[in-house]
Amino acid sequence: MGNSIIIKNSNTWIEGNAIQQLERTATLPNMQRVAGMPDLHAGRGYPVGAAFFSVGRFYPALIGNDIGCGMAFWQTDLPVHQSKKYKLAKQLGSIDAPLDGTWAERIAELLPNCTYPQALGTIGGGNHFAELQAVDKIYAPEKLPENFNRQCLQLLVHSGSRGLGQAILREHVDKFSHAGLAENTPEALDYLAKHDAALQFARANRQLIAERMLARWGVDSAMLLDVHHNFLQQVQLDNETGWLHRKGATPSDCGLVMIPGSRGDYSYWVQPIVDKSAHALFSLAHGAGRKWQRSECKGRLSHKYSVDKLRQTDLGSVVICEDKALIYEEAPQAYKNIDDVIAAMLDFGLIELVARFKPVLTYKTAGECC
């Protein structure tokens, strides 16, 4: 059985089913180590908010159907004090539909051989979002990038490979079920090539979402970071070369990263502490983590909160979400407290805080077509 660790403290709540899924994953053939993050929660057979290290064999099902899902963060030149959230929402309108022909050249620049152009520049459903944020607190000004401007809004985009990742996983599972693939076989190399193409697609998708939104507002921007949360990486750990799977886990070996709360909570920009990261499999939480199953959210909330009420948050931000089921499923109450998640990683010595942001405008969908 592989060794397992969960990054948590006395305030960390993790459902028993998620822990059982993590422990079962540790028993997979060739699995050496697994690590659960403080946002760990149950997924479809495998936990979300975790990293897994195997040798000689890897498991595409652990990465899941949204290969390359991740977050990108932009500095905009929208002044905070001049930005009116309802005006920004009106200017933005809907970005649910596919990009029109005026984007063809830009798509070709980013993905010359794109086979899913209709999905590019769209956020998708589930927990994906795009959010304008304002600086709430600076903890370590010396760690901020030179081009960071605390007087202007930032844009955080959370999306992935859309239908491409789903198609890749479905093809794999149809052929090999959940048995994984021995490394260096033709089948393994074929999956890795498709996996890498999905990572490129996901990164381009986040880029196009941001460009599309910023064009509506007529503002300039600079990308500050872009990281994947669902991906496979070959790494060396404990003098062994193997495969690091991340499923809803932020890499801690690529500089500053963003760890967002729910749409009604703060997001934290953190500096990973590299020399403490190996025991957590070079990974961090990727967000607050679900507390409730999607199917129970409306029943828990609809008698207390109307849809219109859920389009406002306690921090004063506005939520664009016209899908009435999704607005309950993604309510802040359905997620863990982000401060508890951050505290657990601080207690383990995994991160240093750099800045905290509060939401201003969160975009989910302008229709019911996610």
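Residues numbered from 1 in each chain as written. Predicted model: local features only at pLDDT ≥ 70, side-chain atom pairs only at ≥ 80, totals over all residues. Heavy atoms only, no water.

Novice: With reference to specific residues and values, describe the packing of aromatic side chains.
Specialist: Evaluation of the coordinates by the stated rule reveals eight aromatic pairs. A centroid spacing of 5.2 Å and a plane angle of 70 degrees characterise the contact between Phe73 and Trp269, whose relative ring orientation is edge-to-face. You can see Phe73 sitting in strand E5 (residues 70-79) and its partner Trp269 sitting in strand E14 (residues 267-272), a full 196 residues away along the chain. For the residue pair Phe73 and Trp269, the accessibility class agrees, reading buried in each case. Residues Tyr139 and Tyr268 carry aromatic rings whose centres are separated by 6.5 Å and whose planes lie at 25 degrees to one another, so their mutual orientation is stacked. Of this pair, Tyr139 sits in the loop between strand E6 (129-138) and strand E7 (152-159) while Tyr268 sits in strand E14, and the two are 129 residues apart along the sequence. The partly exposed category is assigned to Tyr139, whose relative accessible area is 29%. (Phe/Tyr/Trp six-rings, centres within 6.5 Å; stacked < 30°, edge-to-face > 60°. Helix = DSSP H or I, 4+ residues; strand = E, 2+ residues; numbered from the N terminus. Buried < 20%, exposed > 50% of the residue type's maximum accessible area, 1.4 Å probe, protein only.)

Novice: Could you give me a rundown of the side chain of Glu330, with the residues and numbers involved?
Specialist: Tracing the backbone shows Glu330 in the loop between helix H9 (324-329) and helix H10 (338-347). Taking relative accessible area as the criterion, Glu330 reaches 6% and is therefore assigned buried. If near-sequence neighbours (up to four positions away) are discounted, Glu330 is found in contact with Gly126, Asn127, Arg263, Arg290, Arg294, Tyr335 and Lys364. (Contact = heavy atoms within 4.5 Å.)

Novice: An account of the nonpolar core is needed here, citing residue identities and associated values.
Specialist: With 56 residues, the main nonpolar core has Trp269 and Met345 as its most contacted residues. Core analysis: the second largest hydrophobic core is formed by 25 residues, Leu78, Leu92, Leu132 and Leu361 among them. (Core = buried A, V, L, I, M, F, W, Y, C linked by side-chain atoms within 4.5 Å.)

Novice: I'd like to hear about the state of the cysteines, residue by residue, with values.
Specialist: Counting across every chain of the model gives zero disulfides. No disulfide involves Cys114; its nearest neighbouring cysteine sulfur is the one of Cys69, lying 18 Å away. (Disulfide = S-S within 2.5 Å.)

Novice: Report on the pattern of salt bridges, specifying residues and quantitative values.
Specialist: The tally for this structure, following the rule as stated, stands at 17 salt bridges. A salt bridge links Asp238 to Arg33, with the shortest nitrogen-to-oxygen separation between them at 3.1 Å. Note that Asp238 is positioned in the loop between strand E10 (230-237) and strand E11 (240-247) and Arg33 in strand E2 (residues 31-41), a separation of 205 residues in sequence. The class of Arg33 is buried, set by a relative accessible area of 17%. Note that Lys194 is salt-bridged to Glu171, the shortest N-O span being 2.9 Å. Of this pair, Lys194 sits in helix H6 (residues 186-217) while Glu171 sits in helix H5 (residues 162-176), placing them 23 residues apart in sequence. Its relative accessible area of 25% is what places Lys194 among the partly exposed residues. When salt bridges with common partners are traced through the structure, they connect Arg290, Arg294, Glu329, Glu330 and Lys364 into a single cluster. (Salt bridge = Lys/Arg side-chain N within 4 Å of Asp/Glu carboxyl O.)

Novice: Account for the sheet that holds strand E3 (residues 48-54), naming residues and giving values.
Specialist: The mixed open sheet is built from five strands, whose spatial order is E1-E2-E3-E11-E10. This sheet does not close on itself; its edge strands, each paired only once, are strand E1 (3-6) and E10. Pairs of neighbouring strands in the sheet enclose a mean axial angle of 15 degrees, with direction left out of account. Two strands pair when backbone bridges link them, and E2 and E3 are joined in this way by six bridges, in the antiparallel orientation. (Pairing = 2+ DSSP bridges. Axes fitted to C-alpha atoms, helices over the stretch in contact; angles between N-to-C directions.)

Novice: Outline the environment of His128, supporting the account with residue identities and numerical values.
Specialist: Within the secondary structure layout, His128 lies in the loop between helix H4 (104-110) and E6. What makes His128 buried here is its relative accessible area of 10%. For the pair His128 and Leu301, spaced 173 residues apart in sequence, the C-alpha separation works out to 21 Å.

Novice: Break down the packing of helix H3 (residues 85-92) against H6 for me, with residues and values.
Specialist: Axis separation between H3 and H6 bottoms out at 8 Å; the angle between their running directions is 115 degrees. Considering their axes alone, H3 and H6 lie roughly perpendicular with respect to each other. Considering only the axes of H3 and H6, their crossing is right-handed. Residues Leu88, Gln91 and Leu92 of H3 form the contact with H6, whose own contacting residues are Met213, Arg216 and Trp217. Counted by class, the contact of H3 with H6 contains four nonpolar, one polar and one charged residues. (Parallel < 35°, antiparallel > 145°, perpendicular 65-115°, else oblique. Left-handed = near helix turned anticlockwise from the far one by under 90°. Nonpolar A, V, L, I, M, F, W, Y, C, P; charged D, E, K, R; others polar.)

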